Amino acid sequence: MRDHSIQTGPVDLKDVWASLNSQGYALTDDREMGLSRRFPDEFRQMHFNKYILRHDQGDRPADRLRARDVVRYWRHDGGLSLQEHETITITDRADIPGKRDHSRVRLLSDPQARKLICTFLQLVPPSRRKPEGTFGLNLFRTFTNIVTQPHHDQEEFIIVYVLTRIGGGAETYLYEPDGVAETGDPIAEPVLRHQLDKGEILIFEDKLFKHGATPLRNPSGGTAMRDALVCTVDHRGTYLAESAATSSAALPRTKAG
Ligand SMILES: [Fe+2]
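The model shown is predicted, which means the values in this text are computed figures rather than measured ones.

K.L.:
Sorry, what's going on with the sheet that holds strand β12 (residues 210-213) here?
P.N.:
Across a sheet, paired strands are connected by hydrogen bonds in the backbone, their directions being either parallel or antiparallel. With antiparallel pairing, 3 strands are arranged side by side in an open sheet as β10-β9-β12. Looking at the sheet topology across the chains shown, the edges are occupied by β10 (192-195) and β12. Neighbour-to-neighbour, the strand axes of this sheet turn through a mean angle of 15°, independent of strand direction. Here strand β9 (residues 171-175) runs beside β12; their pairing, made up of 4 bridges, is antiparallel. Bridge pairing in β12 links Y173 to G212.

K.L.:
What should I look at first to understand the pairing of strand β6 (residues 132-142) in this one?
P.N.:
On a regular strand, one side chain projects to one face of the sheet and the next to the other, so that they alternate. For β6, a buried count of 10 out of 11 residues is recorded, marking the element as mostly surrounded by other parts of the structure. Taken together, the 10 bridges between strand β2 (residues 65-76) and β6 define a ladder with antiparallel strand orientation. Bridge pairing links D69 to L137 in β6. Where β6 meets strand β14 (residues 225-233), 8 bridges bridge the pair, whose relative direction is antiparallel.

K.L.:
Looking at this structure, I do not really get the nonpolar core. What am I missing?
P.N.:
Nonpolar side chains in soluble globular proteins generally cluster together in the buried interior. Grouped together as the largest cluster of nonpolar side chains are 52 residues, with contacts concentrated most on I117, I159, V160 and I203. The leading source of residues in this core is strand β7 (residues 157-166), at 7 residues. When near neighbours in sequence (up to four residues on either side) are disregarded, V160 contacts T172, L196, L202, A228 and V230. Counting 5 residues, the second-largest nonpolar core is a separate cluster that includes I146, A170, A213 and L216.

What counts, and where the lines are drawn
Throughout, a residue's number is its position along its own chain's written sequence, starting from 1. Predicted model: local features are reported for residues with pLDDT of at least 70 only, side-chain atom pairs are reported and counted for 80 or more only, and whole-chain, interface and lining totals are derived from all residues. Strands are treated as partners if at least two bridges between them are detected by DSSP. We count a stretch as a helix when DSSP gives it H or I for four or more residues in a row; a strand needs E for two or more, and each element gets its number in order from the N terminus. Note on geometry: axes are C-alpha line fits, over the in-contact stretch for helices, and angles between N-to-C directions span 0 to 180 degrees. Residues with at least 20 neighbouring C-beta atoms inside 10 Å of their own are called buried, those with 12 or fewer are called exposed, and the rest are partly exposed, where every C-beta is derived from the backbone. Definition of nonpolar core: a set of buried Ala, Val, Leu, Ile, Met, Phe, Trp, Tyr and Cys residues joined via C-beta atoms within 7 Å. Note that contacts rest on C-beta atoms placed from the backbone: two residues are in contact if these are within 7 Å.

Right under this line is the structure:
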C-alpha cells in the first residue's frame, strides 16, 4: 500500500534538469526541493551519531566518519517503489582494492529520509531515468580533509547535500577529467568551485567531471566539522550486475509516492 507521507509535492525541477542537460551540473537547495527547513537538523540528530557513524580501517581521509545505505528503486507511473537493497558491499573503488563494507544505516524506516530519496531521484532529468536501479546514500562527517584528490565515483549522477558546516574551506570543485593530472594535481581551472552552505545541493553527472572538495579550515578557537550526504544514482554494475538474473523477479516490498 502506498505511503502518502512521502509524496514529494509539486516541485518545479525544470531549471535543474535544464542545467544538468546543458552543463552537466546544477546547484539548488533543500527548500527549493520542498524539504522542510528542519530537515538537516532532524536528519543529523537521527542518523549522524556514534551508534551509526564509524571510521573504517583503511578508509581515507583517516579521520572521516561514515555510514551507508543502498536502496533499490523501481519507477512507475504513480511514483517510486523502494526497498532496502540486500547489500552495501562495494568492490574496487576509490583506489582501494577488494570488497569494502561500511557501517549500514537503514534509512527507509525514517519517513523524512524516504521523502528525501524520492525527491533526489526526481532530480534526474526524465529523459535520463532508468525504470529501476539502486540509489546509494553516504553519510560523511569530516573534520580536516574531505577527500584525498579529484576523482570519479564511477556512478551515473552524484548528489552532494550539506547538512551543516562549522568552519571555512570545504569548497566543492568540479574539473573536466583532463584538467587533472595522473598525480591528482589540477592542471586547469575548475568548471565549478563553490563552498556549499547548509541546505545547498549540488547534482552532477559523474563521468563529465572529477570532483572533490578543499580541506576544512578551523574557525578561530574552534574545530571544523562538516556533515554531508553524498548520494549516487548508481550504474547497474555497482550492485545489480551479479544478481541481474534474480533482480527482475524481485518484488518491491515498500512503496513510496
Ligand atoms: Fe566522490
